[in-house]
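# Fold and contact review
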Amino acid sequence: MNNSNQQSAIRYHYMDNLRALAMLMGIFFHAALAYSPITHFVWLTAEKEKSVSLDVIAWFTHLFRMPLFFLIAGFFALYLIEKRGLPRFLKNRGLRVLLPLLIFLPLVLWSIKAGIEWALVHVDNPSLLLQFIGLAKNNPDAPKPPFSMGHLWFLYNLAMFYVVFVVLWKLRFFDSVWVKKMMSRSFILLILPVLVIPAFFSQAAPHPAPEGIMPQWWSFAFYGVLFIVGACIYKHQAILEDLQRFKYVLLILSLLAYAYLYGLFPAMLSIGSSWYHFKVAALEAFIAVYMTVCCLSFGAQLLNQANGVFRYFADASYWIYIIHIPLLFLIQYQLMDVEWFSWIEFLIASCLTIAIGLITYALLVRRTPIGLLLNGKMIRKKQMD
């Protein structure tokens, strides 16, 4: 059996599990933003009580959660296209990515809007953003907010990355000698972070999500680059074994760099062109890459096993992530009128969101056409959907 066929026969359990964890971490991240001093003026469920400890953890995960997700998406993109061919790849990605975006985006946006309407009537202590929305509703001359895809922006960006990926695959880029030379320790640890610095430099810190309808170049220069690197790693998986020995060093370096970086965030909420801003962008870039490598290394060590519980969460994570923002907001709206410790409110909101997501997945999704759309046929779980 040749190398390509051997790879196609492997089940990458740790990649599946890491992808699910990256999506579930997004729920905790969005829940924590209600207590962040940085997002106090721009988050719908922002609380009067702020938590530095929650904020520190939230923005740290923000630097590597989505880079990890997109790198894994690129890894599985090449896996899938080599296993099934281009026509079936396009059909599969259309059903798993593009169609869910078209179906769920209007439903999610409507749910968020309905939640805002409910909060404007029932919440006694609204956030500053809710107060602003309430005032704007009574002002016919108020400007309309720009269209946003909300948290489903990742599906839109994935669809665009797949187009670029297919072009590169047709050009046999992933079989080129350039990719073989590129998949080295020095490239991943030194050159790759430098490549994504311009993307960070173009944005305020912490960087926002590319939620707009117009493609944003910095998303391609950051998430898109990680996506392509993930596809390259699939062809040269020995690089992951080579990087394993550095995981503790990279973790310590990332934590030390972030401890310094977090103190710089308040001054970086506006985009500038100073050396100060470049320093922040460089720190973000190296932390993002190094922590992504750490996640892959620790994931391969701890999560690379067939486990029914892990498999269930991996399957459910897609559905939970799609529905989590309107659900999380509705829960947090009701917590805005209580005065509990921020960590207690955070855990109630995030854990209750996940619990409701798991229950609705079991009852309404898993063995229904929605589950078929999101995860494929249950009998194919030995394969990558």
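These figures come from a predicted structure and were not determined experimentally.

A count of helices and strands for the protein gives 16 helices and zero strands. By the compact-globule yardstick of 21 Å for 385 residues, the protein fits well, its C-alpha radius of gyration being 21 Å. Dimensions of the protein, computed from the C-alpha atoms along their principal axes, are close to 65 × 55 × 40 Å. Accessible surface, the protein: about 17800 Å² in total, of which carbon and sulfur atoms supply 69%.

One pass over the full model with this rule turns up three cavities of 30 Å³ or more. Volume-wise, the second largest cavity comes out at about 50 Å³. Looking at the second largest cavity, the residues that line it are Leu71, Ile188, Leu192, Leu226, Val229, Ile233, Leu243, Val289, Thr292, Val293 and Leu296. Only helix H9 (185-201), helix H10 (217-235) and helix H13 (275-302) provide two or more residues apiece to the lining of the second largest cavity.

Here H9 contains 17 residues, and its C-alpha end-to-end distance of 24 Å stays within 8% of the 24 Å for a straight helix at 1.5 Å per residue. The largest bend along H9 measures about 40 degrees and falls at Ile191, with the proline Pro193 one to four residues further on. Of the residues making up H9, those classed as buried are Phe187, Ile188, Leu189, Leu192, Pro193, Val196, Ile197, Ala199 and Phe200. Contact partners of the buried residues in H9: helix H8 (177-182), H10, helix H11 (238-244), helix H12 (247-262) and H13.

Attention now goes to the packing of helix H2 (residues 13-32) against helix H3 (residues 52-62). At a minimum axis distance of 9 Å, the contact between H2 and H3 shows a crossing angle of 135 degrees. Judged on the interaxial angle alone, H3 and H2 are oblique. Crossing geometry of H2 relative to H3 is assigned as left-handed. Touching Met25, Phe29 and Ala32 of H2 are Leu54, Ala58, Trp59, Thr61 and His62, all from H3. Tallied by class, the residues present in the contact of H2 with H3 amount to six nonpolar, two polar and no charged.

Examined against the element boundaries, Asp55 turns out to sit in helix H3. For Asp55, which is buried and forms no salt bridge, the nearest opposite charge comes from Lys50, at a distance of 11 Å. At 2.8 Å, the side chain of Asp55 forms a polar contact with the side chain of Trp59.

Under the defined criterion, the tally for this structure stands at 39 aromatic pairs. Ring geometry for Phe222 versus Tyr223: centroids 4.6 Å apart, planes at 35 degrees, classification tilted. Per residue, the accessibility class of Phe222 equals that of Tyr223, and both read buried. Where Tyr248 meets Phe298, the ring centres are 5.3 Å apart and the plane angle is 80 degrees; that geometry is what we call edge-to-face. Taken together, the positions of Tyr248 in helix H12 and Phe298 in helix H13 put the pair 50 residues apart, joining distant regions of the chain. Over the ring of Trp178 we find Lys181, and its NZ or CZ is 5.8 Å from the ring centre. The ring of Phe298 has Lys247 lying over it, and the distance from NZ or CZ to the ring centre is 5.8 Å.

Moving on: the layout of surface pockets. In this approach the atoms are scanned with a rolling probe the size of a water molecule, which exposes any empty space left behind. Here the largest pocket defines a volume of roughly 1900 Å³. Taken together, 48 residues make up the lining of the largest pocket; nearest its centre are Leu44, Leu129, Pro145, Ser148 and Glu211. Going through the elements one at a time, H2, H3, helix H4 (65-84), helix H5 (86-122), helix H6 (128-137) and helix H14 (308-335) are the ones with two or more residues in the lining of the largest pocket. Of all the elements, H6 adds the most residues to the lining of the largest pocket, at six residues. Along the lines of polarity and charge, the residues of the lining of the largest pocket split into 33 nonpolar, nine polar and six charged.

Axes are the key here: two packed helices are described by the angle between their axes and the distance separating the axes. Contact pair H4 / H13: the axes reach a minimum separation of 9 Å and the direction vectors enclose 60 degrees. Regarding the angle of H4 to H13, the classification is oblique. For the element pair H4 and H13, the recorded crossing hand is right-handed. Residues Pro67, Leu68, Leu71 and Ile72 of H4 form the contact with H13, whose own contacting residues are Thr292, Cys295 and Leu296. In terms of residue class, the contact of H4 with H13 is made up of six nonpolar, one polar and no charged.

With that settled, consider the environment of Thr353. Looking at where Thr353 falls in the secondary structure, it is placed in helix H15 (residues 342-365). The class of Thr353 is buried, set by a relative accessible area of 1%.

A few words on the confidence of the model for the protein. Chain-level pLDDT for the protein is 91 on average; 93% of the residues reach the 70-or-more range. The low-confidence segment residues 1-6, where pLDDT is below 50, has three contacts with residues more than four positions distant or belonging to other chains. Across residues 379-385, where pLDDT falls below 50, the model places 24 contacts with residues more than four positions away in sequence or in other chains.

Parameters at a glance
Residues numbered from 1 in each chain as written. Predicted model: local features only at pLDDT ≥ 70, side-chain atom pairs only at ≥ 80, totals over all residues. Heavy atoms only, no water. Helix = DSSP H or I, 4+ residues; strand = E, 2+ residues; numbered from the N terminus. Rg over C-alpha atoms; globule rule 2.2 N^0.38 Å. Areas by Shrake-Rupley, 256 points an atom, 1.4 Å probe, with all protein chains shown as cover. 1 Å grid on protein atoms, 1.4 Å probe; cavity = no way out; pocket = protein on both sides within 12 Å on 5 of 7 lines; lining within 4 Å. Points joined across faces, edges and corners; volume = space filled by probe spheres on them. Expected span 1.5 Å × (residues − 1). Bend = angle between axes of the 7 residues up to and from the residue. Buried < 20%, exposed > 50% of the residue type's maximum accessible area, 1.4 Å probe, protein only. Contact = heavy atoms within 4.5 Å. Axes fitted to C-alpha atoms, helices over the stretch in contact; angles between N-to-C directions. Parallel < 35°, antiparallel > 145°, perpendicular 65-115°, else oblique. Left-handed = near helix turned anticlockwise from the far one by under 90°. Nonpolar A, V, L, I, M, F, W, Y, C, P; charged D, E, K, R; others polar. Lys, Arg positive; Asp, Glu negative; His and termini not counted. Salt bridge = Lys/Arg side-chain N within 4 Å of Asp/Glu carboxyl O. Polar contact = N/O pair within 3.5 Å; in protein donor to acceptor, adjacent residues only side chain to side chain. Phe/Tyr/Trp six-rings, centres within 6.5 Å; stacked < 30°, edge-to-face > 60°. Lys NZ or Arg CZ within 6 Å of the ring centre and 35° of its normal. pLDDT = per-residue confidence, 0-100.

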